[in-house]
Structure formats: structure tokens, C-alpha cells
Amino acid sequence: MSTTKASAPLQHYFAERALLPSGWASNVRLSVQQGRFTHVQPDSTLVESDTLLDGPVLPTIGNLHSHAFQRIMAGAAEVSLNPNDSFWSWRDLMYKVVQKLSPEDAQVIATQLYIDMLKAGYSQVAEFHYLHHAPGGQAYSQVEEMALQLMQAAQNSGIGLTLLPVLYSYAGFGGQTPSAGQARFINSADEYLALHQVSSEALSQLNKRDTNHQHKHQMGICFHSLRAVTQPQIDTVLSQLDSALPIHIHIAEQQKEVNDCKTWSGQRPVQWLNDNIGLDDRWCLVHATHLDQKEITAIANSQAVVGLCPTTEANLGDGIFPGVDFSAQNGRWGIGSDSHVSLSLVEELRTLEYSQRFRDQQRNRLHNAGQNHVGDHLFTQALAGGNQACGVELGLAPGHRADFMQLDPEHPFMAASAPQDLLNRWLFACNENLIKDVFVCGQQVIKDFHHPLEESSRRAFIQVIKKVMYD
Ligand code: NGQ
Ligand code: ZN
């Protein structure tokens, strides 16, 4: 409505140093109205009424892969139970935790998680949501019950949600019968489409209630993996749903999946997906750890985003992503915190770069011709990939959502470094949290390292950890 727009207050922030799409700039005046940047003006003069930001100002990032409920078991699976502990034995433990979660528990866990994400500089989260049903597999009376809990958690915290209801029907390639441990995840394609519809309506309501920004929350399409769906299901779902939505899938995370796919189809997973469904810039291929050269080229050419989750991939023993070869072909990637063993963008980006150094026995692996500062390259790639996979536009530019963060101006490396060194200093030399203030749609959600709901959220989360994990 034009009347509200005209009356919405215009706010101005003055950043002494800010990372714009064109690079670092000085004395940047950021004007915000109705949740968006209206002007981003470098080399400005401070006006008395401006809010001064004397620490480095950066865009916040879209976290492209989350299973919120898994936060409750982070760090509780680091116990050797047999000499062959693997991704698959971790998954058995995860399935046990899944059986114990109520909808209320799910909201408490996700609220605390999303607050911690905001503190870590993520202002949008793509929630890869497959925990749909009651224990035993019975649908809730409202089939979107669990999705509603995630929406409420997003609203409690202030983060933007990209909700990805997941189609999960089978236990393995070729439509294998699901196990008892998977009962809460299972839908047919028709049930999935119905769930997607009602979830989408609820999300629209949430957006309408947000007086500050009407498009904060987004929908997407999601297939759990090629293990969990069949080709006719993928075709049906993609033909029925909005063709502009992002599409996410787990793929080629473990060597076993590659081997099973070859046994089933004669092809590797990414090769199969590209040949039989087709990849383009709507797709987010989560993990894509095990790729041959042809698959690397196919993904890069398709402009699909690879959803890298470096700390989870390290934790689960997945393998090392071929980042150097993929980057050389201008492949797109972003960051997800996945199982949430870490809620630190710093640790994700550092782990990614260091994984390449360990493998290659060389330094400075991820950069490109236009950007030889590794930290700047990592951060800008993660921003662009997160945007594409989450269906948002974050970044300090007119028309974009007014999401940004200020790093601690008092930290010696932030106070003293030349702009071109700021990201390298932060990403490679700081373990303390430097994210002091965070704004989402122009509203401050983290102020001086704190979120207004963090005390009550923390108390509720403690109770849920005790109940679910230790009762
Ligand atoms: C998930 N997580 O769905 O939560 C998976 C494990 C599977 C990761 N891949 C289960 N990190 O892939 O079957
Ligand atoms: Zn995942």
C-alpha cells in the first residue's frame, strides 16, 4: 500500500568501512526504508542523526542447509561404539533421537538454533525439513504441524526462513521399503504436494503478518536424496509446483551412495541427475562430495549451487570436496551448517579452505583471478551461493533486503587492519565471536552480542536437552 510506504520511516546508518558488491568502500551511508536499502552511498559525509557503525560492516549470509532438530545431538555422537563407526552408524543414532521429539521440542530447539545462527551472521536459513509425522509415522491432524513449529521459531528469532518441505518415500535406490526409523519422514508424492500447498499457505500468512517486509520467508522444493525418491516422483513434483522455486537434494555425500547408484543405474548420482532430470540454476546439490571430472564440469556449467557443509562433512567423515577444480570452472557454492556441530561461519569457511590445503599440501587454494584475498573470495562466494539457494538477495545494494552485521570495532585486528585484510584477519585469525550487531530487514536482532529472547530460549532449550537426551 503506497500510503504505508510513504509514511514508513527512513533510517540512515553510516559505516566507516563496508563491503559492497564492488568491494570495500569507506564512509558508506546506508539508507533503509520498509526493510530494504534505498540508497548505498560510499564517500559520504556523516550526518548528525545517522547511526554510526565504526566496526567493519558486512552483508549477512544465507545458511543454505539446516536440519534444525539435529542441533540437540551435536557433540553427543563423538563416542566410539565400534571400530567401523561411520556416517551410517551416526544416522542410526540420529534416528533414535528423532523418535523422541515432540512438536513443542522441535520449536524450542529451532528457536535457540536460529538465535545462534543470527549471532553467527546468518540471516536466512534454508530448512531441509523432513521430520513430518508423529512417532510411528501417523500424520498429525494438521499435516503441516512440524513445519508450523519451524515457522514459529523463525518468527521468534527474527531470522528469514526458506522452508523446504522434503519428499522422502523410500530407503534406497529403486524404491526400497523404508525402515521403522524413517517412519516420521515418509510421504507419497501426492501427500507431499498436499503438504507443500498447506505449508506454503501458512508461510504466506506469516509474511503478511510481517509489517516490515512482505517477502522475508520463502518456499522451496526438496527431494531428500536419490535414495529416497523415484524418477516418476521427481517428474510429478516438478511438473506440479511453481517453476521458479529453488530445488534442493542431498547427493553423493558418501562413497556408498555413489556405489549403490552405479549398481542401480550404471551411473554416478550427479551424472544420473543431470542426464535424467537436468540441472540448472534452481538446483542446490547438497554436499556433492564425490564427483568425477565430468560431473564437476556439468555442475559448473549448469550454474547449480553446491551446498557445502564443511564442519558436518568433516564430522561425518564424508570426504573432501574438489573445491579447487570446481572453482577453476567458476562453480557456484554456498554454506550450510547442516547438523549444527558448528554455528560459526568462520569455522565453516576456514574448514573448507583448510581441507583443500591438507589434500594438496599447498596454501591459498580458493581464490580467483579477480580476487586473490582468500577470505574475501570465500565470503563473497558464500554470500552469492546462499542467496541463490535460499531464494533471497542479501548484500549491501539498493533494493536488497536491509540485512547486515557489524564486527567488533574494538578488536585489535578490526581496529587496525587495512580493509583488504579485514576478512582474512577475521576468518583465519580470530576464534572469539566478533559479530557485535545484526540487522534483518532493517531491524536490529542482535545488539551488542545479545538477542532479546536469548535468556528464555536458553532455559527452554536446557529442559529439552535433558528430556530428550538424558531422561
Ligand atoms: C539427513 N544428513 O537427512 O539428515 C542426512 C543423513 C541420510 C546428512 N547427510 C541421512 N548430513 O542422508 O540418509
Ligand atoms: Zn542434510
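In this report, the structure presented in the accompanying data block is examined. All figures in this text were calculated on a predicted structure; none of them were measured in a lab.

**As for the overall build of the protein**
Item 1. Broken down by element type, the protein carries 16 helices and 17 strands.
Item 2. The C-alpha radius of gyration computed for the protein amounts to 22 Å, which stays within 12% of the reference 23 Å derived for 471 residues, consistent with globular compactness.
Item 3. Taken over the C-alpha atoms alone, the protein extends approximately 65 × 50 × 45 Å along its principal axes.
Item 4. When the 471 residues of the protein are sorted by exposure, 57% land in the buried category.
Item 5. Relative to all contacts within the protein whose residues are 6 or more apart in sequence, the contacts with residues 24 or more apart total 73%.
Item 6. Total accessible area on the protein stands at roughly 19,000 Å², and carbon and sulfur atoms take up 49% of it.
Item 7. Averaged over its 33 positive side-chain charges, the protein has a centre that lies 2 Å from the centre of its 48 negative ones.

**What about the nonpolar core?**
Item 1. Core analysis: the largest hydrophobic core is formed by 126 residues, its most contacted members being Y114, F223, W283, I299, W333 and W426.
Item 2. Ranked by size, the runner-up nonpolar core spans 16 residues in total, among them A15, A18, V28 and L53.

**Looking at the pattern of salt bridges**
Item 1. Within this structure, the stated rule accounts for 15 salt bridges.
Item 2. Among the salt bridges present, the one from E295 reaches R268, with a minimum N-O distance of 2.8 Å. Residue E295 is found in helix α9 (residues 293–302), and its partner R268 is found in the loop between α7 (255–265) and α8 (269–276); the two are separated by 27 residues along the sequence.
Item 3. A relative accessible area of 2% places E295 in the buried class.
Item 4. We note a salt bridge from R359 to D360, for which the minimum N-O separation is 2.7 Å.

**Some details on the packing of aromatic side chains**
Item 1. For the structure shown, the criterion picks out 17 aromatic pairs.
Item 2. Taken together, a centroid distance of 5.4 Å and an interplanar angle of 50° make the contact between W264 and W272 tilted.
Item 3. A relative accessible area of 40% means that W264 is categorised as partly exposed.
Item 4. A ring pair is formed by F321 and F326, whose centres lie 5.4 Å apart and whose planes are at 80°; its orientation type is edge-to-face.
Item 5. Taking relative accessible area as the criterion, F326 reaches 0% and is therefore assigned buried.
Item 6. Here the aromatic cluster, defined as three or more aromatic residues joined through ring pairs, consists of F69, Y95, Y130, Y168 and F185.
Item 7. If you follow R357 out to its NZ or CZ, it ends over the ring of F428, 5.6 Å from the centre.
Item 8. The residue whose ring lies beneath R425 is F413, and the NZ or CZ to ring-centre distance is 4.4 Å.

**Regarding the site of ligand 1**
Item 1. Of all residues adjacent to ligand 1, which total 15 residues, the nearest are Q70, Y130, H224, R227 and E253.
Item 2. Taking E253, its side chain carries an N or O atom lying 2.5 Å from a nitrogen atom of ligand 1.
Item 3. For ligand 1, the cavity whose grid points lie within 2 Å of the majority of its atoms is the largest cavity.
Item 4. Here the shell around ligand 1 gets four residues from one element, more than from any other, and that element is helix α2 (residues 87–98).
Item 5. Counted by class, the shell around ligand 1 contains five nonpolar, six polar and four charged residues.

**As for helix α13 (residues 374–390)**
Item 1. The end-to-end C-alpha distance of α13 is 24 Å, a good match for the 24 Å that 17 residues give at a rise of 1.5 Å each.
Item 2. By the criterion of burial, α13 is predominantly enclosed, with 13 of the 17 residues buried.

**Quick word on the layout of surface pockets**
Item 1. Of the pockets and cavities examined, the second largest pocket occupies roughly 300 Å³.
Item 2. Only α3 (103–119) and α12 (345–360) provide two or more residues apiece to the lining of the second largest pocket.
Item 3. When residues of the lining of the second largest pocket are assigned to their parent elements, the largest contribution, six residues, is made by α12.

**Notes on the pairing of strand β1 (residues 11–20)**
Successive side chains on a regular strand alternate, one facing one side of the sheet and the next facing the other.
Item 1. When you tally the buried positions in β1, you get seven out of ten residues, the bulk of the element.
Item 2. Bridge count for β1 against strand β2 (residues 23–33) is nine bridges, and the pairing is antiparallel. The partner of L19 across the bridge, within β2, is W24.
Item 3. In sequence, β1 turns back onto β2 through a hairpin of two residues.
Item 4. Relative to strand β4 (residues 51–53), β1 runs parallel, the two being bridged by three bridges. In the sheet register, Y13 faces β4, and the bridge partner there is T51.

**Structural notes on the pairing of strand β17 (residues 443–446)**
Item 1. As paired elements, strand β16 (residues 435–440) and β17 share three bridges and run antiparallel to each other. The residue of β17 that forms the bridge with V438 is I446.
Item 2. Adjacent in sequence and paired antiparallel, β16 and β17 are bridged by two residues, among which C441 carries a positive phi angle near 50°.

**Quick word on empty space enclosed by the protein**
Item 1. Under the definition given, this model contains three cavities of 30 Å³ or more.
Item 2. In this structure, the largest cavity occupies an estimated 170 Å³ of space.
Item 3. Lining the largest cavity are 19 residues, with F87, W90, M94, H224 and H250 positioned closest to its centre.
Item 4. Residue classes in the lining of the largest cavity are distributed as eight nonpolar, seven polar and four charged.

Calculation criteria
Residues numbered from 1 in each chain as written. Chains lettered and ligands numbered in written order. Predicted model: local features only at pLDDT ≥ 70, side-chain atom pairs only at ≥ 80, totals over all residues. Heavy atoms only, no water. Helix = DSSP H or I, 4+ residues; strand = E, 2+ residues; numbered from the N terminus. Rg over C-alpha atoms; globule rule 2.2 N^0.38 Å. Buried < 20%, exposed > 50% of the residue type's maximum accessible area, 1.4 Å probe, protein only. Contact = heavy atoms within 4.5 Å. Areas by Shrake-Rupley, 256 points an atom, 1.4 Å probe, with all protein chains shown as cover. Lys, Arg positive; Asp, Glu negative; His and termini not counted. Charge placed at Lys NZ, Arg CZ, Asp CG, Glu CD. Core = buried A, V, L, I, M, F, W, Y, C linked by side-chain atoms within 4.5 Å. Salt bridge = Lys/Arg side-chain N within 4 Å of Asp/Glu carboxyl O. Phe/Tyr/Trp six-rings, centres within 6.5 Å; stacked < 30°, edge-to-face > 60°. Lys NZ or Arg CZ within 6 Å of the ring centre and 35° of its normal. Near = heavy atom within 4 Å. Polar contact = N/O pair within 3.5 Å; in protein donor to acceptor, adjacent residues only side chain to side chain. 1 Å grid on protein atoms, 1.4 Å probe; cavity = no way out; pocket = protein on both sides within 12 Å on 5 of 7 lines; lining within 4 Å. Sits in = over half its atoms within 2 Å of the grid points. Nonpolar A, V, L, I, M, F, W, Y, C, P; charged D, E, K, R; others polar. Expected span 1.5 Å × (residues − 1). Points joined across faces, edges and corners; volume = space filled by probe spheres on them. Pairing = 2+ DSSP bridges.

This is a description of form; function is not addressed.
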